[in-house]
Amino acid sequence: MQRSVRMIVFQRLESHRNKIPWNDSEIASKIRMAIMGTRFRQNKTLRLIEKRIRKSSKLKFRIPSSEIDRLVEISCLRYHSFMKNPIIQNILSDDITEWYTFSRLDATNYRGNILHITPDIIWKKSSTWNLLRFSVQSSHSEVSEENMSMLHWAIRRTGLPSNPNRFIIHELNWFRGKWQWSRKRGSEAMEIDSLNLINMDIKAMKNLHDKLGPACDLSQIPLASNEKVCKTCGHRDTCPGGDDLTRAKLEQASLEMLKSSTKL
Ligand code: SF4
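Quantities reported herein were computed from a predicted structural model and do not represent experimental measurements.

Here's the deal with the overall build of the protein chain
Next, step 1: Counting its secondary structure elements, the protein chain contains nine helices and seven strands.
Next, step 2: Dimensions of the protein chain, computed from C-alpha atoms along their principal axes, come out at roughly 65 × 50 × 30 Å.
Next, step 3: In the protein chain, buried positions account for 20% of the 264 residues.
Next, step 4: The long-range share in the protein chain, meaning contacts at least 24 apart out of those at least 6 apart in sequence, stands at 59%.

Set out below in structure tokens:
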């Protein structure tokens with residue numbers, strides 16, 4: 001659902017840019033097609049995983065058509081509600097003329113590390129550049145520390161200012177049944193804080209990589225705190241937590257104890 005709503009939002013904006021006529025009455029069928037397309041691609045990947053693990057994937061389950069109908073209905077509601085946001089309205093009415101969309105998959109190189117800190121939409125108002133990320137399913141309503149890293153993407157980008165004060169970070173999150181809009185002006189302090197956070201994340205990833213070793217021993221990866229998370233996790237088939245989270249945690253704890261006792 002998340003991907004299908006995002007895809008339709010971008011299609012709507014790009015059709016406006018390219019002056020292609022858009023019919024809002026086709027939204028439900030577009031969203032349905034997007035959901036079915038995602039399912040098709042996921043099943044293709046699952047077949048590859050099944051070949052590799054030589055057993056049936058736990059992620060393979062049929063979604064009844066009533067569930068697809070429900071997802072389409074929810075997605076349409078979130079899409080229409082999103083399009084009413086003043087930022088989007090200003091783009092569609094050409095009050096904002098300088099704007100661009102980006103893919104979250106775009107990579108930013110930072111000291112030889114690949115970061116995914118690209119905003120979804122940026123636009124210019126007066127001399128300020130605005131950077132927006134939106135999430136169709138969110139667990140928070142405020143600008144997250146993680147999304148402040150968009151500032152680094154922006155100040156390193158050719159054609160955008162290098163002064164952090166010339167940016168505003170926006171987040172639009174679907175939270176508790178409505179779109180919650182939060183924003184924060186960029187600053188030197190934000191630049192330093194988010195850089196510290198990026199460095200800490202890189203360090204944690206490197207530590208984890210060292211811990212897993214060259215064979216990438218997945219028994220050592222940090223496990224989820226709740227097995228509900230595992231039910232929809234894409235790594236379920238290959239992660240020890242995907243089979244039985246409690247057992248995987250116990251095994252991990254005993255491995256840790258064994259490791260520390262052999263070091264003594
Ligand atoms: S299956 Fe593994 S990686 Fe996925 S949420 Fe559970 S513990 Fe985490």
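Some thoughts on the pairing of strand 4 (residues 121–125)
A regular strand carries its side chains on alternate faces of the sheet.
Next, step 1: The pairing of strand 1 (residues 99–101) with strand 4 spans three bridges and is classified as antiparallel. Residue pairing in the sheet places Tyr100 in a bridge with Ile122 of strand 4.
Next, step 2: Here strand 4 runs beside strand 5 (residues 128–135); their pairing, made up of five bridges, is antiparallel. When the sheet's bridge partners are listed, Lys125 is paired in strand 5 with Thr128.

Observations concerning the site of the ligand
Next, step 1: Around the ligand, the structure places Leu223, Ala224, Val229, Cys230, Cys233, His235, Arg236, Cys239, Gly241 and Gly242.
Next, step 2: For the shell around the ligand, the secondary structure elements donating two or more residues are helix 7 (227–231) and helix 8 (240–243).
Next, step 3: Residue classes in the shell around the ligand are distributed as six nonpolar, three polar and one charged.

A short note on the domain arrangement of the protein chain
One frequent convention defines the size of an interface as the accessible area lost when the parts assemble.
Next, step 1: According to the domain assignment, the protein chain contains domain 1 (2–83), domain 2 (94–192) and domain 3 (213–263).
Next, step 2: Here the C-alpha centroids of domain 1 and domain 2 sit 24 Å apart.
Next, step 3: Taken residue by residue, the interface counts nine residues in domain 1 and five residues in domain 2.
Next, step 4: Elements supplying a minimum of two residues to the side of domain 1 that touches domain 2: helix 1 (2–17) and helix 3 (65–83).
Next, step 5: The greatest single-element share of the side of domain 1 that touches domain 2, amounting to six residues, is contributed by helix 1.
Next, step 6: A class-by-class count of the residues in the side of domain 1 that touches domain 2 yields four nonpolar, two polar and three charged.

Things to note about helix 6 (residues 188–212)
Next, step 1: The end-to-end C-alpha separation of helix 6 is 36 Å, in line with the 36 Å expected for 25 residues at 1.5 Å each.
Next, step 2: Along helix 6, the residues that are buried comprise Met190, Ser194 and Ile198.
Next, step 3: Looking at the packing, one finds that the buried side of helix 6 touches strand 2 (108–110), strand 3 (113–115) and helix 5 (150–155).

Parameters at a glance
Residues numbered from 1 in each chain as written. Predicted model: local features only at pLDDT ≥ 70, side-chain atom pairs only at ≥ 80, totals over all residues. Helix = DSSP H or I, 4+ residues; strand = E, 2+ residues; numbered from the N terminus. Buried ≥ 20, exposed ≤ 12 C-beta atoms within 10 Å, placed from the backbone. Contact = placed C-beta atoms within 7 Å. Pairing = 2+ DSSP bridges. Near = placed C-beta within 6 Å. Nonpolar A, V, L, I, M, F, W, Y, C, P; charged D, E, K, R; others polar. Domains from an automatic or database assignment. Expected span 1.5 Å × (residues − 1).

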